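# Chains, contacts and geometry: an overview
The residues making up each chain are set out below.
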Amino acid sequence: MIVLCCLKFFVLLLAANSSQGATSPRSAAASSASVTKHHKVLILGGGVAGVIAARTLHENGINDFLIIEAREELGGRMMTHTFANRTIEQGPNWIQGTQVGNGPSNPIFDLANKHKIKTQFNDWFGSVSTYDASGNVDFLDVFSTSEDDFADITVLAGSRVDSRLVDMSGRTGYAMIGAKPANAHARASEYYQFDWEYAQTPEQSSLIASSWGNNFTYDTDQGGFSDDNRMSIDQRGFKALIQLEAQEFLTVGQRMFNATVKTISNSNNGVTVTLTNGNKISGDYALCTFSLGVLQNDDVLFNPALPDFKLEAIQSMVMATYTKIFLQFPTKFWFNTEMAIYADSERGRYPVWQSLDHPNFFPGSGIVFVTVTGDYSERIEGLPDAQVKEEVMGVVRSMFPNVTVPEPLDFFFPRWNSNPLFRGSYSNWPPSFFSQHLDNLRTNVGRLYFAGEATSRKYFGFLHGAYFEGLEIGQIMVKCMKKGTCTDLEQFAKVTNAMPYEKN
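Residues numbered from 1 in each chain as written. Predicted model: local features only at pLDDT ≥ 70, side-chain atom pairs only at ≥ 80, totals over all residues. Heavy atoms only, no water.

## Thoughts on the layout of surface pockets
Considered as a void within the structure, the largest pocket measures approximately 710 Å³ in volume. The wall of the largest pocket is formed by 22 residues, among which Leu-165, Val-166, Asp-167, Phe-434 and Gln-436 lie closest to the centre. The set of elements that each furnish at least two residues to the lining of the largest pocket consists of helix 3 (140-162), helix 7 (207-218) and helix 13 (435-442). The element that contributes the greatest number of residues to the lining of the largest pocket is helix 7, accounting for three residues. Taken together, the residues that form the lining of the largest pocket break down as 13 nonpolar, five polar and four charged. (1 Å grid on protein atoms, 1.4 Å probe; cavity = no way out; pocket = protein on both sides within 12 Å on 5 of 7 lines; lining within 4 Å. Points joined across faces, edges and corners; volume = space filled by probe spheres on them. Helix = DSSP H or I, 4+ residues; strand = E, 2+ residues; numbered from the N terminus. Nonpolar A, V, L, I, M, F, W, Y, C, P; charged D, E, K, R; others polar.)

## Re the sheet that holds strand 9 (residues 229-232)
If you walk across this open sheet you meet the three strands as 5-9-6, and the pairing is antiparallel. Looking at which strands have only one partner, the edges of the open sheet turn out to be strand 5 (94-96) and strand 6 (119-121). Averaged over all neighbouring strand pairs, the angle between strand axes comes to 30°, with direction disregarded. One ladder, built from three bridges, connects strand 6 with strand 9; its direction is antiparallel. Considered in strand 9, the bridge of Gln-120 is made with Met-231. (Pairing = 2+ DSSP bridges. Axes fitted to C-alpha atoms, helices over the stretch in contact; angles between N-to-C directions.)

## Details of the packing of helix 1 (residues 48-59) against helix 8 (residues 240-247)
Put simply, helix 1 and helix 8 touch, their axes get as near as 10 Å, and they point 20° apart. Considering their axes alone, helix 1 and helix 8 lie roughly parallel with respect to each other. In the crossing of helix 1 with helix 8, the sense of the turn from one axis to the other is left-handed. Seen from helix 1, the contacting residues are Val-48, Val-51, Ile-52 and Arg-55; seen from helix 8, they are Ile-242, Glu-245 and Ala-246. For the contact of helix 1 with helix 8, a count of residues per class yields five nonpolar, no polar and two charged. (Parallel < 35°, antiparallel > 145°, perpendicular 65-115°, else oblique. Left-handed = near helix turned anticlockwise from the far one by under 90°. Contact = heavy atoms within 4.5 Å.)

## What to know about empty space enclosed by the protein
Put simply, the largest cavity is a space of about 60 Å³. Every residue lining the largest cavity is listed: Thr-87, Ile-88, Glu-89, Asn-93, Met-231, Ser-232, Ile-233, Phe-326, Leu-356, Phe-362 and Phe-369. The element best represented in the lining of the largest cavity is strand 4 (residues 86-89), accounting for three residues. Here the lining of the largest cavity is composed, by residue class, of seven nonpolar, three polar and one charged.

## Overview of helix 7
Between its terminal C-alpha atoms helix 7 stretches 17 Å, which fits the 16 Å expected from 12 residues at 1.5 Å a residue. Most of helix 7 sits out of view: 10 of its 12 residues are buried. Taken together, the buried positions of helix 7 are Leu-207, Ile-208, Ala-209, Ser-210, Ser-211, Gly-213, Asn-214, Asn-215, Thr-217 and Tyr-218. Its side-chain oxygen 3.3 Å from the backbone nitrogen of Ile-208, Ser-206 forms the N-cap of helix 7. (Expected span 1.5 Å × (residues − 1). Buried < 20%, exposed > 50% of the residue type's maximum accessible area, 1.4 Å probe, protein only. Polar contact = N/O pair within 3.5 Å; in protein donor to acceptor, adjacent residues only side chain to side chain.)

## Examining the sheet that holds strand 17 (residues 339-343)
Taken together, seven strands build an open sheet; the order of strands is 8-7-17-18-19-16-20 and the sheet is mixed. Each edge of the sheet is formed by a strand with only one pairing partner; in this case those strands are strand 8 (135-136) and strand 20 (410-412). Both strand 18 (residues 352-355) and strand 19 (residues 367-373) contribute to a ladder of four bridges, which runs antiparallel. For Gln-354, the partnering residue across the bridge sits in strand 19 and is Phe-369.

## Focus: the packing of helix 2 (residues 107-114) against helix 8
Contact pair helix 2 / helix 8: the axes reach a minimum separation of 9 Å and the direction vectors enclose 70°. Taken together, the axes of helix 2 and helix 8 lie roughly perpendicular to each other. The residues of helix 8 that touch helix 2, namely those facing Ile-108, Leu-111, Ala-112 and Lys-114, are Leu-241, Ile-242 and Glu-245. Classifying every residue of the contact of helix 2 with helix 8 gives five nonpolar, no polar and two charged.

## Looking at the state of the cysteines
All chains considered together, the criterion is met by one disulfide. Here Cys-480 connects covalently by a disulfide to Cys-486, the sulfurs 1.9 Å from one another. On the sign convention where negative is left-handed, the bridge of Cys-480 and Cys-486, at about 95° about the S-S bond, is right-handed. The buried category is assigned to Cys-480, whose relative accessible area is 3%. (Disulfide = S-S within 2.5 Å.)

## Focus on the packing of aromatic side chains
All chains considered together, the criterion is met by 29 aromatic pairs. Through successive ring pairs, a cluster of aromatic residues spans Trp-94, Trp-124, Phe-125, Phe-143, Tyr-192 and Trp-196. Stacked on the ring of Phe-450, the Lys or Arg Lys-310 has its end atom at 3.8 Å from the ring centre. Sitting over the ring of Phe-369, Lys-324 keeps its end group 6.0 Å from the ring centre. (Phe/Tyr/Trp six-rings, centres within 6.5 Å; stacked < 30°, edge-to-face > 60°. Lys NZ or Arg CZ within 6 Å of the ring centre and 35° of its normal.)

## Examining unusual backbone geometry
Pro-304 follows Asn-303 through a cis peptide bond whose omega is -5°. For Pro-304, the location among the structural elements is in the loop between strand 14 (301-303) and helix 10 (308-316). Here Arg-164, not a glycine, exhibits a phi torsion of approximately 55°, which is positive. By secondary structure assignment, the location of Arg-164 is in the loop between helix 3 and helix 4 (170-176). On the basis of relative accessible area, Arg-164 is assigned to the exposed category, the value being 78%. One non-glycine residue, Asn-258, lies in positive phi territory at about 55°. Structurally, the position occupied by Asn-258 is in the loop between strand 10 (255-256) and strand 11 (261-267).

Below you can see the structure in the form of structure tokens.
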């Protein structure tokens, strides 16, 4: 699975990481940089992709760069919130895939170990309770079948790749193996396997891409790291791993916080960005790590406009939304497992629950949270907090009909989709998105480069996708600047069908 993420939350376009720009760990206070000074490289966004690209430049002797971040700190979508006197994660929360023996290691796992980030194995599949509107009902046999079904569709996807067959939706893949969830228990179990990872439904998702996203991260036979998921419970925040990494090389003069980009002007001579306060900053080159959602919503304008092939790629991928809803109660009255599934008659209605008041996480905290995704996330963002709380509490009371459930002491959820710095949580690959679209999404436009989780073919939606893209695009830029080999990345002026459309 991917979780939140897909960041699972989450990551993450062009940067599972970037908020449009983030803070240097060297100073908690916002700083300013010269608004007239020219730099060799402008890095737009201070999330994982932006920081790793900056580190790559530094390691290759290029230090005339400036990270421009819209928020007051580095980390992008790795945002925290103080809740019930604990630091909780609004966005990305897990290291997804770690390492087996001497096999490949997840670079996020490596950074967490290096900077002593406190994490805990999260047992997504072995510590689960099940509920429906009547209360605690054991449908773990159905849940187990859903695990097998997901494994089977990844095998189907692999066989289609080997046979060079066209992609299809995840829903079609499920139907092809005979998996057609016919009741609330089956639908909720399927949601847990699929939607909770990709933040969209099987109907909305590519069968092949969702399968390789899973395999390249978790399946060691496919080059994946491991099937472990480790949850950050570090009270410095999960973001500390990228902030502490930046602290090793980044100076105050190499970053600007609280600086939101309004316009990016690109020419044969360089790139100039105009901030919302009217200030302009120029560079010989620029790396844009803004989220796919920001690019899709025209929150940043390009001058000249991006070419049609680039626009088609941007608009063809999806920025999905993954929302964690936190509640704190005076005392714990719920399940003793780490996870729980609630099967509502409406698919995707407050289905995945996790207890933080658990010996492995924050015992005694009174915190539990529920996750919604996709269209349901967008729905609740349009509602007042009081209505969302009322709905969630209705579910809680259905799950525990024999408990006098008190009102929560605290209640919180982020609004990722409506946040203009993100416009969602992380990217998802729809059935209509072709491999050539990914190339076009990733390619540079002259001196303007792009990187982030959404540009990763293998790891879209993951923090490690943002890491690898920041590293690789940074290396490509270094080669261009130091060796003069500045060829464009692969791109396709037209994404065409293998066979023409029939007209009769």
